Each structure stands twice: as C-alpha cells, then as structure tokens.
Amino acid sequence: MTIWIAIGATAIGCYLVKLLGLLVPAGALERPLVQRLSALLPVALLAALTAQQTFSANGALVLDARGAGLAAAALALVLRAPFLVVVGAAVVVTAGVRALGG
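What you are looking at is a predicted structure, and each value in this text was computed from that prediction instead of being measured. (Residues numbered from 1 in each chain as written. Predicted model: local features only at pLDDT ≥ 70, side-chain atom pairs only at ≥ 80, totals over all residues. Heavy atoms only, no water.)

As for the overall build of the protein chain
Scanning the protein chain for helices and strands turns up five helices and two strands. Its helices and strands in sequence order give the protein chain the pattern α-α-α-β-β-α-α, from N to C terminus. Radius of gyration (C-alpha) of the protein chain: 20 Å, far over the 13 Å computed for a compact globule of 102 residues. Once the C-alpha set of the protein chain is aligned to its principal axes, its extents read approximately 55 × 45 × 25 Å. (Helix = DSSP H or I, 4+ residues; strand = E, 2+ residues; numbered from the N terminus. Rg over C-alpha atoms; globule rule 2.2 N^0.38 Å.)

Notes on helix H5 (residues 83–99)
Its 17 residues give H5 an end-to-end C-alpha distance of 24 Å, which sits within 8% of 24 Å, the value for a rise of 1.5 Å per residue. Along H5, the residues that are buried comprise Val86, Ala90 and Thr94. The arc enclosing the buried residues of H5, seen along the axis, measures out at 60 degrees, which places them on a common side. Every exposed residue of H5 that faces more than 90 degrees away from the buried side is listed here: Leu84, Val91, Val92 and Ala99. (Expected span 1.5 Å × (residues − 1). Buried < 20%, exposed > 50% of the residue type's maximum accessible area, 1.4 Å probe, protein only. Arc of directions from axis to C-beta.)

Observations concerning the pattern of salt bridges
Overall, the coordinates contain one salt bridge when judged by the stated rule. The shortest N-O distance in the salt bridge between aspartate 64 and arginine 66 comes to 3.3 Å. (Salt bridge = Lys/Arg side-chain N within 4 Å of Asp/Glu carboxyl O.)

Looking at the packing of helix H3 (residues 32–55) against helix H4 (residues 65–78)
Axis separation between H3 and H4 bottoms out at 8 Å; the angle between their running directions is 140 degrees. By the angle class used here, H3 and H4 are oblique. Of the residues in H4, those touching H3 at Thr50, Gln53, Thr54 and Phe55 are Arg66, Gly67 and Leu70. Broken down by class, the residue content of the contact of H3 with H4 amounts to two nonpolar, four polar and one charged. (Axes fitted to C-alpha atoms, helices over the stretch in contact; angles between N-to-C directions. Parallel < 35°, antiparallel > 145°, perpendicular 65-115°, else oblique. Contact = heavy atoms within 4.5 Å. Nonpolar A, V, L, I, M, F, W, Y, C, P; charged D, E, K, R; others polar.)

Some thoughts on a nonpolar patch on the surface
A cluster of nonpolar side chains, contributed by Ile12, Tyr15, Leu16, Leu19, Leu22 and Leu23, occupies part of the molecular surface with about 680 Å² of accessible area. Overall, leucine 23 belongs to the exposed group, its relative accessible area being 62%. (Patch = residues over 30% accessible without salt bridge, like charges linked within 9 Å, V, L, I, M, F, W, Y side chains within 5 Å. Areas by Shrake-Rupley, 256 points an atom, 1.4 Å probe, with all protein chains shown as cover.)

Focus on unusual backbone geometry
Excluding glycine, a negative phi dihedral is what most residues carry, and trans is how most peptide bonds are arranged. Positive phi values are uncommon outside glycine, yet asparagine 58 reaches one of about 55 degrees. Checked against the element boundaries, asparagine 58 lands in the loop between strand E1 (56–57) and strand E2 (60–61). On the accessibility criterion, asparagine 58 (85% relative accessible area) is exposed.

Structure, rendered in structure tokens:
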C-alpha cells in the first residue's frame, strides 16, 4: 500500500508542478535572463548527472573504465562524429578497458 501512496503523491506533485508552470505570466518568461537560464539549465543538469554517474560508486570518487569511455565520447564529439559513433566509441573503449582489467 505504501508504494501506491508514493505513486499517487508523485503523480499529484507532477501535476501541480505542470499547473504552476502554466500559471507563470508570459512577461516573466520573456525576460532575457530567464531565456538564457532556460537554455543553459538542461545542459548543466545533464553534465552534473553524467559526472555523478561516471565518477562515483557507493558515495566515493572513482576513476575506472567509465571515465575512459566518457573521454572517448568527448573526443568523438570534438571531432564532430555522428551520435551513434560517439556512443559506439564510448562502449568500445569502456569494454576494452574493462577487458584489460580496469
């Protein structure tokens, strides 16, 4: 029963957040600062999530095969590779480092 209460509370919370977003006046959303922040916020959140998932394990800072895969993906992005090549490079390098004992 506790799970269903949590699911219901989450659903209601999501609905209220969406409703709150609809109640924001249009003039507030057209300000240059708000537009800049709304363009940069998803990138910052994705970068933080990537860093947390790559460099932490059980609350400790680690550097393992995931870091090498991320570096390979970053290099592929710098070289302007297509998305599937970026993902493939990360997978191949991560698997290679793990196979070598990393």
